[in-house]
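# Geometric and topological summary
Single-letter residue listing:
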Amino acid sequence: MDVLNEYDIIVVGGGHAGCEAALAAARLGSKVLLISMDLNRMAQMSCNPAVGGIAKGQITREIDALGGNMGIATDSSSIQFRMLNLSKGPAMWSPRSQCDKIKFSAAWKAVLEEENNLDFWQGTVVELVFDGDSVCGVLTEVGVTFKAKAVIITSGTFLNGLMHFGTSKIKGGRISEPASKGITEQLVSKGFLAGRMKTGTPVRIDKRTIDFDRLIRQDGDEVTNQFSFLPKTSGELPKLPCYITYTNARVHAIIETGFKDSPLFDGTIQGLGPRYCPSIETKLITFADKDQHQLYLEPEGVDSLEYYLNGFSSSLSWRVQNDAIHAIPGLENSKIMKPGYAIEYDYFLPTQLNHTLETKLVHNLFFAGQINGTTGYEEAGAQGIMAGINAHLKIKNLDPIVLSRSEAYIGVLIDDLVTKGVDEPYRMFTSRAEYRLLLRQDNADERLTPIGHKIGLATDERYDRLIRKMALKDNLVSFCQNFSVKPDLINDFLGSKGSSLLKQNIKLDALIKRPHIDIFELVAVIKPLQEIHDSMELSLQREVFESAEILIKYSGYIERENIVAEKLQRLENVQILEKFNYQLIESLSTEARQKLEKVKPKTIGQAARIPGVSPSDINVLLVLMGR
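Here, residues in each chain are numbered from 1, in the same order as that chain's written sequence. In view of the model being predicted, local features appear only for residues whose pLDDT reaches at least 70, and side-chain atom pairs are presented and counted only at 80 or more, with totals across whole chains, interfaces and linings using the full set of residues. Computation of side-chain values covers all heavy atoms of the structure but excludes hydrogens and water.

## Some remarks on the overall build of the protein chain
This is how it is decided: Helix and strand assignments follow DSSP, with helices taken as H or I runs no shorter than four residues and strands as E runs no shorter than two, numbered in order from the N terminus. Buried, partly exposed and exposed residues are distinguished by accessible area as a fraction of the type maximum, computed with a 1.4 Å probe on protein chains only: under 20%, between the cut-offs, and over 50%, respectively. Any two residues whose heavy atoms approach within 4.5 Å at even a single point are treated as in contact. Here the accessible surface of atoms and residues is derived via Shrake-Rupley with a 1.4 Å probe, and residues count as covered only by protein chains that are part of the display.
Secondary structure summary: the protein chain contains 21 helices and 22 strands in total. Projected onto its principal axes, the C-alpha coordinates of the protein chain cover approximately 80 × 70 × 55 Å. In the protein chain, buried positions account for 58% of the 627 residues. A separation of at least 24 residues holds for 73% of the contacts in the protein chain among residues at least 6 apart in sequence. Accessible surface, the protein chain: about 26100 Å² in total, of which carbon and sulfur atoms supply 50%.

Rendered as structure tokens:
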């Protein structure tokens, strides 16, 4: 065996999962090798040029709170920032940022190359090296072997990737990049269960050929905001608008002419597609009663001519795509720079993983990202940072970090994958979390930075800033609970807001609890509150006041959710420890025996979340455990 170097951890793949995994493990002290087909495309935005969105924004802030880099890279390359769902409660608020995709990738490359514990190799891994039931290295396409104590595979869409452009098919993991072969076949021979999934991407359009006057302009928020909890991570790129347009009956008619040659409908594509990000042809079938669909034109960068047509993902032939686009308002004279396409790729059933993201069949082998059946940069980055952390902890014989469903969206994501599996590309939504009022984007640092700091990933700077923020917030809440507001001080303001006037003094927190009363508006009216605001360091003012307002307005709901979470957490503490042969427990339902044997849950709480395992089955297990 021709071994070039030995490492603690090898990360295969330089996408969002691979970059977070490699950086986390290296910062924790492991000697890491990152292998990627193209070292100039680190964390490439293969699809939409944006980070965040519904639930995805919460995940990005959690990655940042742990000490990851996705939020910082996003801030430095942001060309538009929006906080979504502000008309709803704070549990639904979700940050989203349009990015300059070239600068995003460059920011990642710079951070990775500054890490002394991280080496790089440009190439393709074609085979894993095993020592019994443990992985111990990788073999590349040029015959070079690297040895390691642990391997993290973050292969994205590259495992046997196949792109579809109508009837044309090209092997590859991304346009102009080859597929990866060998790993799937090798792991299947070891007993792993694999499947095929499908995703897609829309056309990119030449900016110079778009009639922007016919489109609806959509600007970002006026209030300066960012993803990272660290100060001054925002870049100085100009802010660019997005644009909205719609399909119409003529567009639909043109698209339908391509159905007969569509790989989605003729049986060519066998992979499972994303329900929540369907192709335009799927939309026409699923929503046949709709005469139009909304589309977003998103800039791919400050210096780029490319605009991403969000909502028009397609596997149709380039000719049909071209003709259909020319029937869209504002795009009549547009030119396509890259056609849209569908891509099929291999994934492994995530129920074959432990909650650490280590595989059950092979020791020290970790999977992260789309290889686990997920979709999205944010979901990939979340798995990457957890795989990097746990691979490092495993080889150092330290206890793993497993986030619970009440601690983080990342905990919900991984628990869903490991316990429930996937029957389509998994995408995170706020509705998947039972405790979303606890898992807000504003308190991700309070939930996770202490964990990241304890293991050495979150810096002292980040932790000290959190301590200052929490102290300021607690003091502000206490002030609001004790400060009395007089009617003559506030009634003019209340009258202007259509809120009932005061007849006697009232505590400030009771005033803040009123609907449509904004704490920042009160800052301008109540002088002592303004003094507190102005005395804070500028970078913490908005965070502290927003967090305090949320705690005051929703204190009853938050407390109730905490009580429920604590009760259910007791089931998570009841360890099963693989003591049962479920097939022999006849008092369990047949489905429960099959599902429990397949998943092998670690706790009663995990067992209770397995589809097909009923409350009566859980009671049987508790009785057998003497509870």
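Moving on from the model shown.
## Some points on the sheet that holds strand E5 (residues 94-99)
To be explicit about the condition: A pair of strands is treated as paired once DSSP finds two or more bridges between them. What counts as an axis is a line fitted to C-alpha atoms, over the stretch in contact for a helix, and the angles between N-to-C directions run from 0 to 180 degrees.
One open sheet holds the 3 strands; their spatial order is E3-E5-E4, and the pairing between them is antiparallel. Edge positions in the sheet fall to strand E3 (50-52) and strand E4 (78-84), since each of these pairs with one other strand and no more. Within this sheet the neighbouring strands show an average axis-to-axis angle of 15 degrees, counted without direction.

## Remarks on the packing of helix H6 (residues 249-256) against helix H8 (residues 318-325)
Packed helix pairs are characterised by how far apart their axes lie and by the angle those axes make with each other. Which entries qualify depends on this criterion: Reported orientations rely on four angle classes, namely roughly parallel under 35 degrees, roughly antiparallel over 145, roughly perpendicular from 65 to 115, and oblique for the rest.
Where H6 contacts H8, the axes come no closer than 9 Å and their chain directions differ by 170 degrees. With respect to each other, H6 and H8 are oriented roughly antiparallel. Contacts between H6 and H8 involve Val251, Ile254 and Ile255 from the former and Val320, Asp323 and Ala324 from the latter.

## What to know about unusual backbone geometry
One non-glycine residue with positive phi stands out, namely leucine 357, at about 75 degrees. With respect to the helices and strands, leucine 357 occurs in the loop between strand E19 (341-348) and strand E20 (365-367). Leucine 357 gets classed as buried once you look at its relative accessible area, which sits at 0%. One non-glycine residue, asparagine 364, adopts positive backbone phi at about 65 degrees.

## Regarding H6
Filter applied, for reference: Of all possible arcs, the one meant is that of the directions from the helix axis to the C-beta atoms. Here a polar contact means two N or O atoms within 3.5 Å. Within protein one must be a hydrogen donor candidate and the other an acceptor candidate, and residues neighboring in sequence count only if both atoms are side-chain atoms.
Listing the buried residues of H6 in full gives Val251, His252, Ile254 and Ile255. Considered in projection along H6, the buried side chains sweep an arc of 160 degrees and stay on one side of the axis. Exposed side chains of H6 directed beyond 90 degrees from the buried face belong to Ala249 and Arg250. Elements in contact with the buried residues of H6: helix H7 (280-286) and H8. Sitting at the head of H6, asparagine 248 places a side-chain oxygen 3.1 Å from the backbone nitrogen of arginine 250.

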